[in-house]
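Residue strings, one per chain:
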Amino acid sequence: MGANMADILIVDDSRGIRTEVQGFLSKQGYKVITANDGNEGIQKIQSHPELKLVISDVNMPELDGISMVEKIRLEMENQQIQILMFTTENHPALKKRAKDLKVNGWLVKPFIGEKILPVVKKLIG
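This text gives an overview of the structure that appears in the document. (Residues numbered from 1 in each chain as written. Predicted model: local features only at pLDDT ≥ 70, side-chain atom pairs only at ≥ 80, totals over all residues. Heavy atoms only, no water.)

## Quick word on the side chain of threonine 87
Tracing the chain through its elements places threonine 87 in strand E4 (residues 82-87). Its relative accessible area of 0% is what places threonine 87 among the buried residues. Side-chain polar atoms of threonine 87 contact the backbone nitrogen of glutamate 89, separated by 2.9 Å. Among residues more than four places away in sequence, those in contact with threonine 87 are Asp57, Val58, Trp106, Leu107, Val108 and Lys109. (Helix = DSSP H or I, 4+ residues; strand = E, 2+ residues; numbered from the N terminus. Buried < 20%, exposed > 50% of the residue type's maximum accessible area, 1.4 Å probe, protein only. Polar contact = N/O pair within 3.5 Å; in protein donor to acceptor, adjacent residues only side chain to side chain. Contact = heavy atoms within 4.5 Å.)

Quick look at the structure:
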């Protein structure tokens, strides 16, 4: 594995959330990088083709999570990468849109490591 290889990308405009999730998953042995909005998320995915999983917030400035997923799935034609939405949102219409874009999971904040870990393990081992 190269020095800059990463397994998981966390996209959230909250530094606290990014730090918390990154810290937790790093302790579990995953290599984690972060982005603070959808645009930066897209850039990180382009520069890290080895990424296996994106954990993304929905509500972010610049480019929101669902729009970022649209770009990943439709414009970049990346169907392999696993995507987990991690958000305060629980709106059925948003969840349907995410599902139509083949989002692999939807977790509602707050962050609870014991809740997220089995999902991550299921998606990327």
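## As for helix H2 (residues 38-47)
Every buried residue belonging to H2 is among Gly38, Gly41, Ile42 and Ile45, and all of these are buried. Across the axial projection of H2, the buried residues extend over an arc of 100°, all falling on one side. A side-chain oxygen of the first residue of H2 lies 2.8 Å from the backbone nitrogen of asparagine 39; this N-cap is aspartate 37. (Arc of directions from axis to C-beta.)

## A closer look at the sheet that holds strand E5 (residues 105-108)
On the basis of which strands lie adjacent, the open sheet formed by five strands has the order E2-E1-E3-E4-E5 and parallel pairing. Looking at strand neighbours, the two that pair on one side only are strand E2 (32-35) and E5, the edges of this open sheet. Each strand of the sheet is rotated relative to its neighbour by a mean of 20°, with strand direction disregarded. Most of the contacts of helix H3 (residues 65-75) go to E4, to which it runs at about 175°, and overall it touches strand E1 (8-11), strand E3 (53-56), E4 and E5. (Pairing = 2+ DSSP bridges. Axes fitted to C-alpha atoms, helices over the stretch in contact; angles between N-to-C directions.)

## Focus: the packing of aromatic side chains
For the structure on display, the rule yields two aromatic pairs. Judged by centre distance (5.5 Å) and plane angle (70°), the ring pair of phenylalanine 24 and phenylalanine 111 falls under edge-to-face. Of the two residues, phenylalanine 24 is situated in helix H1 (residues 15-27) and phenylalanine 111 in the loop between E5 and helix H5 (113-124); the sequence distance between them amounts to 87 residues. Judged by centre distance (6.0 Å) and plane angle (85°), the rings of phenylalanine 86 and phenylalanine 111 are edge-to-face. Of the two residues, phenylalanine 86 sits in strand E4 while phenylalanine 111 sits in the loop between E5 and H5, which places them 25 residues apart along the sequence. (Phe/Tyr/Trp six-rings, centres within 6.5 Å; stacked < 30°, edge-to-face > 60°.)

## So, H1
For H1, which comprises 13 residues, the first-to-last C-alpha distance of 18 Å matches the rise-based estimate of 18 Å (1.5 Å per residue) to within 8%. Of the positions making up H1, those classed as buried are Ile17, Arg18, Val21, Phe24 and Leu25. Looking straight down H1, one finds its buried side chains confined to an arc of 145°; they lie on one side. Counted as exposed and oriented over 90 degrees from the buried face of H1: Arg15 and Lys27. Looking at the buried residues of H1, the elements they touch are E1, E2, E3, E4 and H5. (Expected span 1.5 Å × (residues − 1).)

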